[in-house]
Amino acid sequence: MTALVLNGLVNGIIVGGLYALLGLSLSLLYGVLRVVNFAHGELVIGGSFVAYMLFRALGLPPLYSLPVAAVSFFAAGWCAYYLLIPRLSRSDDPETMSFLLMYGLSIALAATLLLLFGADSRSIDYSFNPISVAIGPVNVSTARVVALAVTIVITAAMGWFLFRTLPGKALRAATMNREATQIIGINVVRLSALAFALAFAIAGMTGVLIALVFPAFSPFSGGEYSIIGFIVIVLGGLGNPVGALIAGVFYGVAEQMATVFLPQALAQIVGFALLVGTILVRPTGLFGFRALR
Amino acid sequence: MTKPPSPLALADREHGDRIYRRLAVLLGAAVSIYFVSVPLLGLNVAFHFYMMLWVTMATAFNITSGFSGYMPFGYVAFYGVGAFTTAVLVKKAGFAMFVALPVAGLAGVLLSLLFAPTLRLSGIYFAIVSFALAGICRLTIANLPEEITGGSFGLQLGSRAQPIFAFYTMMAVMLAALLGVLWLSRSRLGKALRAVRDDADAADMMGVNVGWVRLQGWMLAAFFPALCGGVEAWYTNVVDTETAFNTLITAKTVIYAVAGGLGTVTGPVVGAIAMSWLDELIWRRFPLINLLLLGVAVMLLVLFLPRGLVGTILRARPQWRRYIP
Amino acid sequence: MTTVLEVRGLTKRFGGLTALEDVSLAAGGGKVVGIVGVNGAGKTTLMNCLCGIYRPDGGTIRIDGHDTTGHAPHQIAHRGVGRTFQVPRVFGKMSLIDNLLVPVLSRDQPDAQLLAQAEAMLEQMRLIHLRHNFAEELSGGQQKLLEMGRMLMPEPRLVMLDEPFAGVHPQLCSFMIERIAAMAAAGRTVLLISHDLTSIYRLSDWLIAMNQGRIIAEGGVEDIRGNRDVIEAYLGG
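Residues numbered from 1 in each chain as written. Chains lettered and ligands numbered in written order. Predicted model: local features only at pLDDT ≥ 70, side-chain atom pairs only at ≥ 80, totals over all residues.

1. Description of the overall build of chain B
Phase 1 of the analysis: The secondary structure content of chain B amounts to 15 helices and two strands.
Phase 2 of the analysis: Its C-alpha atoms give chain B a radius of gyration of 20 Å, within 12% of the compact-globule value 20 Å for 325 residues.
Phase 3 of the analysis: Projected onto the principal axes, the alpha-carbon positions of chain B cover approximately 70 × 45 × 40 Å.
Phase 4 of the analysis: The 325 residues of chain B split such that 54% are buried.
Phase 5 of the analysis: Looking at chain B alone, contacts between residues at least 24 apart form 80% of all its contacts between residues at least 6 apart. (Helix = DSSP H or I, 4+ residues; strand = E, 2+ residues; numbered from the N terminus. Rg over C-alpha atoms; globule rule 2.2 N^0.38 Å. Buried ≥ 20, exposed ≤ 12 C-beta atoms within 10 Å, placed from the backbone. Contact = placed C-beta atoms within 7 Å.)

See below:
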């Protein structure tokens, strides 16, 4: 039993790390742009498919797909920002319109992946050498450990960026007060584009890591990752990147532990119920801002 | 303090009302005549059935979004619950369809009462919670014992479907929804709802019982999708969690309503009809990229026609607002 | 004089900040009570407590003899209380007529009668030609007039105006002063917050000066004008 629990814990942290990244990128988008990205899950899966494609076509090990995904998604995010967001902010009801826009994007992305890859589940048959590593009494696949390591690197890099560099601090300032940031002379538009592009880049990398950690993915997997993303940022407090990180790990552990003790179907409901419960009972999440009408 | 208004204002108002009533009657008559004749003229019954379904869904959705200011991304929950209630009552409890359907509608209303605490949430939180609650509904029903809800295979209602009866019932439901929204748009409840939507605290200070008004709008908006789910179950004779709780149902409802324009009666009708036709044409010519085009269409709509067809016209010609239902 | 409003020892805190401290006042009988004070003195907080948006931490509020402390805003509104806001809060996506109808939706009167009243009110406020426009399409000054009209629809006994002249051009200002004087003449009790000292001196029968959540002086216009504490509070120190 303890072995199972420990297993759950270790995997929970690994999975939680991924969820933390999910939350981080989603939180970045919301914080700076007040855009709730309904298409986030599909973006992430897009990253998984990029890794898959590169592996199948060029035999590229998934780790090398990381920079490819990062760069290409960053560029895509930058372009997408300028294409989509300026129009949105001029509309009557930017909040609702941004949901709908991203809703549309999620459908379009899922459909594109469907067209390109078909509906079947895919996986990347890459194995590290050795195939698994022993952490205490628990055996974890090396791929997962590598994924965790990468997660930590990305998180640290983002942390350094947000707290130690000028653009990063400006970004955090913009999250707290957009108008004020504009008034002191910072180009908020460029900053927002940066946030958008960064969020996309992280999402893409998260996708590659998901391909390493989870057994399979399909164009339809996007939806569940979007939900997980929402749960994480709500728990952590909307617009709070640090909160999102902590909440991500917490949720990952909770989810994996739930699957140890509960049947699969119930475990899924737990996720949703946690989301609803948090919003109703403590809408500001563990660390966040205003939620009521 | 209050002296009577000039006779000009009164005459003008009566004139406006006359035009409004005529347009409303025209709309109702056109819609009724067209759909009544579909089976009689041998036109595509299935296509028109679903068109009526989307008109009803978009119209009912307008109550909660256009009039009340909410975006329930889990709107399909009411539809699914209506479908399953109908199926269970007919198949397992032996109810007649005409009894099962209103009960299904009631089930939708009861569900809305259960979800009522979420009405105090703002914009995105409400949307996300709504989405999650629909997920919970789906998973709960999918995991109920097979004897009740058919597990992963779903339920079959009867030995064979009765499409024509279902078709005319759908028409009746659609007309009821349209009448309901027509009434709402002119009624005191409708005004109270919109005031709460625009500024809930100010409405409160003007004497409007915000919570109660919101609840009424919510219950009304939940009744019709539940009926739709029930009638569609009758039409196809089969119900299962994947189709009854499919997120695409919410997606299409939202898109069709927004395409036409929220806040007017004609908006969602126009949107649903136009988009149904578009969907049909595209599906016939490009069946594979249908979904992609839907997604792109939504994005283009949001970027270039955010107020929808009717909404954009009314923005350009605000004086028409009191004439268009 | 019949007392319409009676406030005793009203206190309101927000976290560590005391916005209102032991505020007491009485008003009634068709008089205009002006409230002056620098920004942050607690004037708007007072109004918000009176109409139910804030729940006071201490003290009582009585309207027409009924205790309304901590009651919900819509209940207080039904007691015959109306108000306007510093920054106009009109129902943006509703027509002017509909805006005016909102406070009287629960009345027993038939629709036609209410519509006629709304039209008459719009005529009085000189907005009748815009009656079908959405409220968000109006200018700031027009919105303030709309708010005033909306407030008067249910014939309130107690009327609270928060900075009605703020950002309004002089011509409109004098029209508003006319309207406010008419309200008092019709027997309504008026609570008026304003920084426009000229207007408030003209209209008020009684003045209350506030500073840092407390009432520092009250009296007739001449008393307050020369009051040293009030002058000091306004000019600093």
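After that view, the rundown keeps rolling.
2. As for the interface of chain B and chain A
Phase 1 of the analysis: The interface is formed by 34 residues belonging to chain B together with 35 residues belonging to chain A.
Phase 2 of the analysis: Listed by contribution, the elements that provide at least two residues to the side of chain B that touches chain A are α5 (123-142), α12 (247-260) and α14 (290-304) of chain B.
Phase 3 of the analysis: With 12 residues, the top contributor of residues to the side of chain B that touches chain A is α5 of chain B.
Phase 4 of the analysis: Here the side of chain B that touches chain A is built from residues that sort into 27 nonpolar, six polar and one charged. (Nonpolar A, V, L, I, M, F, W, Y, C, P; charged D, E, K, R; others polar.)

3. Quick notes on the pairing of strand β4 (residues 58-63) of chain C
All names here are of chain C.
Phase 1 of the analysis: Both strand β1 (residues 3-14) and β4 contribute to a ladder of five bridges, which runs antiparallel. Within β4, the residue paired with Arg8 across the bridge is Thr60.
Phase 2 of the analysis: As defined by bridge partners, β4 adjoins strand β5 (residues 66-67) across two bridges and the pair is classed as antiparallel. The residue bridging Ile63 from the neighbouring strand is His66, located in β5. (Pairing = 2+ DSSP bridges.)

4. Re the arrangement of the chains
Phase 1 of the analysis: Most contacts, when the two pairs of chains in contact are compared, are made between chains A and B.
Phase 2 of the analysis: In this structure chain A stays clear of chain C, and the shortest span between their C-alpha atoms is 11 Å.

5. As for the sheet that holds strand β10 (residues 214-219) of chain C
Residue and element names in this part refer to chain C.
Phase 1 of the analysis: On the basis of which strands lie adjacent, the open sheet formed by six strands has the order β6-β7-β8-β3-β9-β10 and mixed pairing. Taken across any chain shown, the strands that pair with only one partner, and hence form the sheet edges, are β6 (81-83) and β10. Neighbour-to-neighbour, the strand axes of the sheet open up by a mean angle of 20°, direction not taken into account.
Phase 2 of the analysis: By the bridge criterion, three bridges tie β6 to strand β7 (residues 158-162) in an arrangement that is parallel. (Axes fitted to C-alpha atoms, helices over the stretch in contact; angles between N-to-C directions.)

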